[in-house]
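# Coordinate inspection notes
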Amino acid sequence: MLYELIAAIVTGVALAGIAMVLCRLTRGLLPKWLVPAAAGIGILGYSVWSEYSWFSRSAAAQPDGVVIAWHNEESAPWRPWSYLAPVTTRFTAVDTRTIQRHPDFPDQRIVGLRLASRWQPSTLVKVVFDCAGNKRADLSGGNVSIGPDGGIENAAWIDLVPDDAVRRAACASSGG
């Protein structure tokens, strides 16, 4: 966040400098308010670009085998332009490299999910999906365990809609 603030300020100073040079070259023909206006446009322009490009930059940085299954777009009053084009602020990625299956439970997949949000550190969580039953259970917290037969014990299963994108991405891969 600090680097983005610095980049926004540098962009504003650079555009203000360009405007100042133009004002001097035209010997005062351009209005004096052009310099602070250019600085403001630079800072605002960089901020908007950074907000809109965050998702594509984050998606491109994911390693092979990590599939972005879901993303959230939102609009906000402090970003009035986002009512025309919503900004992606969060996403969930399925790490297909971590998928685990048990031969006795072929419809279940244990998978690592990356939960990413703008301005927040990413969180890695382990989740089990019941592909046939359209359910999922978090493996963190509580006393969830894997029993001696390979079954998930003490899990709080959550029903999912049949076309849940994260479940679909986790269940599409055969896993290890």
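The rules we used
Residues numbered from 1 in each chain as written. Predicted model: local features only at pLDDT ≥ 70, side-chain atom pairs only at ≥ 80, totals over all residues. Heavy atoms only, no water. Helix = DSSP H or I, 4+ residues; strand = E, 2+ residues; numbered from the N terminus. Buried < 20%, exposed > 50% of the residue type's maximum accessible area, 1.4 Å probe, protein only. Contact = heavy atoms within 4.5 Å. Patch = residues over 30% accessible without salt bridge, like charges linked within 9 Å, V, L, I, M, F, W, Y side chains within 5 Å. Areas by Shrake-Rupley, 256 points an atom, 1.4 Å probe, with all protein chains shown as cover. Salt bridge = Lys/Arg side-chain N within 4 Å of Asp/Glu carboxyl O. Polar contact = N/O pair within 3.5 Å; in protein donor to acceptor, adjacent residues only side chain to side chain. Phe/Tyr/Trp six-rings, centres within 6.5 Å; stacked < 30°, edge-to-face > 60°. Lys NZ or Arg CZ within 6 Å of the ring centre and 35° of its normal. Pairing = 2+ DSSP bridges. Axes fitted to C-alpha atoms, helices over the stretch in contact; angles between N-to-C directions. Expected span 1.5 Å × (residues − 1). Bend = angle between axes of the 7 residues up to and from the residue.

Here threonine 88 lies in strand E2 (residues 87-102). Classification of threonine 88 as buried rests on a relative accessible area of 11%. Among all residues touching threonine 88, those that are not within four sequence positions of it are Trp54, Phe55, His71, Asn72 and Glu73.

Residues Leu2, Tyr3, Leu5, Ile6, Ile9, Val10 and Val13 make up a contiguous nonpolar surface patch of about 750 Å² in total accessible area. Counting through the fold element by element, isoleucine 6 comes out in helix H1 (residues 2-25). Note on isoleucine 6: relative accessible area 42%, which makes it partly exposed.

Let's shift gears to the pattern of salt bridges. Side chains bearing opposite charge may pair, as long as their charged atoms lie close to each other. Going through the model one piece at a time under the given rule, you end up with 6 salt bridges. A salt bridge links arginine 118 to glutamate 4; the shortest N-O distance between them is 2.9 Å. Separated by 114 residues along the polypeptide, arginine 118 in the loop between strand E3 (105-117) and strand E4 (123-130) and glutamate 4 in helix H1 bring together distant segments of the chain. Taking the relative accessible area as the measure of exposure, arginine 118 reaches 8% and is therefore buried. Of the residues examined, glutamate 4 reaches a relative accessible area of 19% and is grouped as buried. Note that glutamate 51 is salt-bridged to arginine 118, the shortest N-O span being 3.5 Å.

Here we come to helix H3 (residues 165-172). Those residues of H3 not exposed but buried are Val166, Arg167, Ala169, Ala170 and Cys171. Near the N-terminus of H3, the side chain that reaches the backbone nitrogen of valine 166, with its oxygen 3.3 Å away, is that of aspartate 164.

On to the packing of aromatic side chains. One pass over the structure, following the stated rule, counts 3 aromatic pairs. On the numbers, 5.7 Å between centres and 45° between planes, the contact of tryptophan 54 with phenylalanine 91 is tilted. In this pair, tryptophan 54 sits in helix H2 (residues 34-60) while phenylalanine 91 sits in strand E2, placing the two residues 37 residues apart along the sequence. When its relative accessible area of 10% is taken as the criterion, tryptophan 54 is described as buried. Ring geometry for phenylalanine 55 versus phenylalanine 91: centroids 5.7 Å apart, planes at 70°, classification edge-to-face. Of this pair, phenylalanine 55 sits in helix H2 while phenylalanine 91 sits in strand E2, and the two are 36 residues apart along the sequence. Overall, the relative accessible area of 2% leaves phenylalanine 91 in the buried class. In this structure an aromatic cluster arises from ring pairing among Trp54, Phe55 and Phe91. The ring centre of tryptophan 119 lies 4.2 Å from the NZ or CZ of arginine 118, which sits over that ring. Over the ring of tryptophan 157 we find lysine 135, and its NZ or CZ is 5.3 Å from the ring centre.

Reading across from one edge, E1-E2-E3-E4-E5-E8 is the order of the 6 strands in this open sheet, with antiparallel pairing throughout. Of all the strands in the sheet, the pair left with one neighbour each is strand E1 (66-74) and strand E8 (158-159). Taken strand by strand, H2 contacts E1, E2 and E3, and its axis lies near 15° from that of E2.

Taking 1.5 Å of rise per residue, 27 residues should cover 39 Å, and H2 covers 37 Å from first to last C-alpha, within 8% of that figure. The principal kink in H2, of about 45°, is found at serine 53. Here H2 has its buried residues at Val35, Ala38, Ala39, Gly42, Tyr46, Ser50, Glu51, Ser53, Trp54, Phe55 and Ser58. Elements that come into contact with the buried residues of H2 comprise H1, E1, E2 and E3.

The analysis is restricted to geometry; functional conclusions fall outside its scope.
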